[in-house]
Every structure is written in structure tokens, then in C-alpha cells.
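Tertiary structure, described
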Amino acid sequence: RIGKPKERMDMFEALIGVEREIEYKTKDRVEIQSLQKSMARICGNVKSRQDRAVKQSVKEIEAKIKENAIDKNKVLLVDVTGILDNSFTGLVANKLTDKYKRPVILLQQRKSDNMLYGGSARGYENFIITDFKTYLDNTGLFEYCAGHDNAFGVEIQKQNINKLIQYINEDLKDVEITDYYTVDFEIPFNKLNKSIIKEVGLTKDIWGNKIDEPLFAITDVRIN
């Protein structure tokens, strides 16, 4: 995401098998490395730069959320103009959804039009809204919402931002901010036995992307 142009070009060449030697200087020696070995090392350095930048951005955004009581809203909508590099919008949004247990919209003022804001939105897996993109689309307040159900880009006119916050807060006024789970089965504790567990375990080879392992709510647990 944040590789410099030369780092990106070298990475591409390393992937397609270009054979080239790189001189790597340390404090007390010089090592000759293949392009591939050199890029494996450089990728680690780039990732460290990215992690530091993301951590700093999250820290600044959390301070803004606290200062402006944005976490009182049912969905976090934050103007991150001048705070966040566009490359990190999705990464930072994911971290915020995990911390605040609700969907997040991060917006930045468009340079070409100061009345227009764009950015990224992320749904929260355990929120009551399972398709955040459709939910926002249905408000009719966005220029567009484009992407996956819970990870997508947005664009909205400035005058519609407060309308959006008011609409969501009113629409979700009875929703508690907590983790919600959709379960496949609800079983009282005294009816749970080994055969049920083994039967479910036998199907483990088919679980994967879009085929989640079954989730059970075990109820009526007696605690001494």
C-alpha cells in the first residue's frame, strides 16, 4: 500500500523471476543478495512503516471520536480529512469497527469539490445490520455506495452528512451496541451430548469461505 515507486517496480520484477543482484550494506559488512531475497527483506521494512502509520492514524482518529462524542452515534462517521492517508482508509476502518463494535464510515473532503466527501465504509460482522452497503444505499443520501456488502467505497454531499447521522440514530435508536450472533442451533445444556458434537465435527471439511462452521447457542447452563 505504501511502497515507494522503486520498491513496487523491484517487487514486480522479483515476482516475475528477474535475476539481479542487490548490494545490501549493514553497519559492519556488505552482502550480495538476489533480487528476491532483497525484496523479502524490504517488504518487511515497508510493512513496518505501514503499521506505524496506521497506528498513528488510529490514535488521532480515536482522539477525535472521543473529543466530539462520535461514539454516541449508532454508526461511527468520522471526517478524517488531513488525518488519514487514502491508502489506509480500509485498514483503519476495520480496526475501528473491532474496537467500537459497530459499522464505520471514514470520509475525506474531495480536493476537486469541497462540498463532496468520499471514503470507505465497513460493516461490523456481529452488528444487527448484515448488509451495510444496502442499508446505506436505501437512505437515498449517497451519490454512490460501491463494493462488497460490508466493505465498500462511498461518496456523499456535505449537506447530507448530518441528515445521514440523524437518520441512522433514529432508525437504530432501540439497537444496543453489542455483539449480535446469528446461530444455527439453540440447544439446552442438558441435551448437549457427544454424538451431536461428533456429528458436527464430521462435516468440518466443507467449512470455508461463505460456508461458515455452525454456531450453537447453548442455553440453560446451570452454574453452581
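We now examine empty space enclosed by the protein. Within the structure shown, the criterion is met by one cavity of 30 Å³ or more. One number sums up the size of the largest cavity: a volume of about 40 Å³. Along its surface, the largest cavity is lined by N73, K74, V75, L77, I105, I165, I168 and N169. Ranked by residue count, the leading element in the lining of the largest cavity is helix α5 (residues 161–171), at three residues. Partitioned by chemical class, the residues of the lining of the largest cavity number five nonpolar, two polar and one charged.

Right, let's talk about the packing of aromatic side chains for a bit. One pass over the structure, following the stated rule, counts three aromatic pairs. Where Y135 meets Y167, the ring centres are 6.4 Å apart and the plane angle is 40 degrees; that geometry is what we call tilted. Of this pair, Y135 sits in helix α4 (residues 132–137) while Y167 sits in helix α5, and the two are 32 residues apart along the sequence. Look at Y135 and you get buried, because its relative accessible area is 13%. Centroid distance F185 to F216: 5.2 Å. Interplanar angle 20 degrees. Geometry classified as stacked. Of this pair, F185 sits in strand β8 (residues 185–188) while F216 sits in strand β9 (residues 216–219), and the two are 31 residues apart along the sequence. On the basis of relative accessible area, F216 is assigned to the partly exposed category, the value being 27%.

A cluster of nonpolar side chains, F189, I218, V221 and I223, forms an exposed patch at the surface whose accessible area comes to about 420 Å². Looking at where I223 falls in the secondary structure, it is placed in the segment after β9. Take I223: its relative accessible area is 77%, and that puts it in the exposed class.

A word on the environment of I70. Secondary-structure assignment places I70 in the loop between α2 (35–67) and β3 (76–79). In this structure, I70 is in contact with K64, I65, L76, L77 and V78, ignoring residues within four places of it in sequence.

Bringing a negative patch on the surface into the picture now. Residues E125, D184, D212 and E213 make up a contiguous surface patch of negative charge. Tracing the backbone shows D212 in the loop between α6 (194–201) and β9.

The residue D10 is located in helix α1 (residues 5–15) in this model. For D10, a relative accessible area of 10% corresponds to the buried category. Polar contacts involving the side chain of D10 include one to the side chain of K6, which spans 2.7 Å. In contact with D10, not counting residues within four places along its chain, are R20, L35 and M39.

Rules used throughout
Residues numbered from 1 in each chain as written. Predicted model: local features only at pLDDT ≥ 70, side-chain atom pairs only at ≥ 80, totals over all residues. Heavy atoms only, no water. 1 Å grid on protein atoms, 1.4 Å probe; cavity = no way out; pocket = protein on both sides within 12 Å on 5 of 7 lines; lining within 4 Å. Points joined across faces, edges and corners; volume = space filled by probe spheres on them. Helix = DSSP H or I, 4+ residues; strand = E, 2+ residues; numbered from the N terminus. Nonpolar A, V, L, I, M, F, W, Y, C, P; charged D, E, K, R; others polar. Phe/Tyr/Trp six-rings, centres within 6.5 Å; stacked < 30°, edge-to-face > 60°. Buried < 20%, exposed > 50% of the residue type's maximum accessible area, 1.4 Å probe, protein only. Patch = residues over 30% accessible without salt bridge, like charges linked within 9 Å, V, L, I, M, F, W, Y side chains within 5 Å. Areas by Shrake-Rupley, 256 points an atom, 1.4 Å probe, with all protein chains shown as cover. Salt bridge = Lys/Arg side-chain N within 4 Å of Asp/Glu carboxyl O. Contact = heavy atoms within 4.5 Å. Lys, Arg positive; Asp, Glu negative; His and termini not counted. Charge placed at Lys NZ, Arg CZ, Asp CG, Glu CD. Polar contact = N/O pair within 3.5 Å; in protein donor to acceptor, adjacent residues only side chain to side chain.

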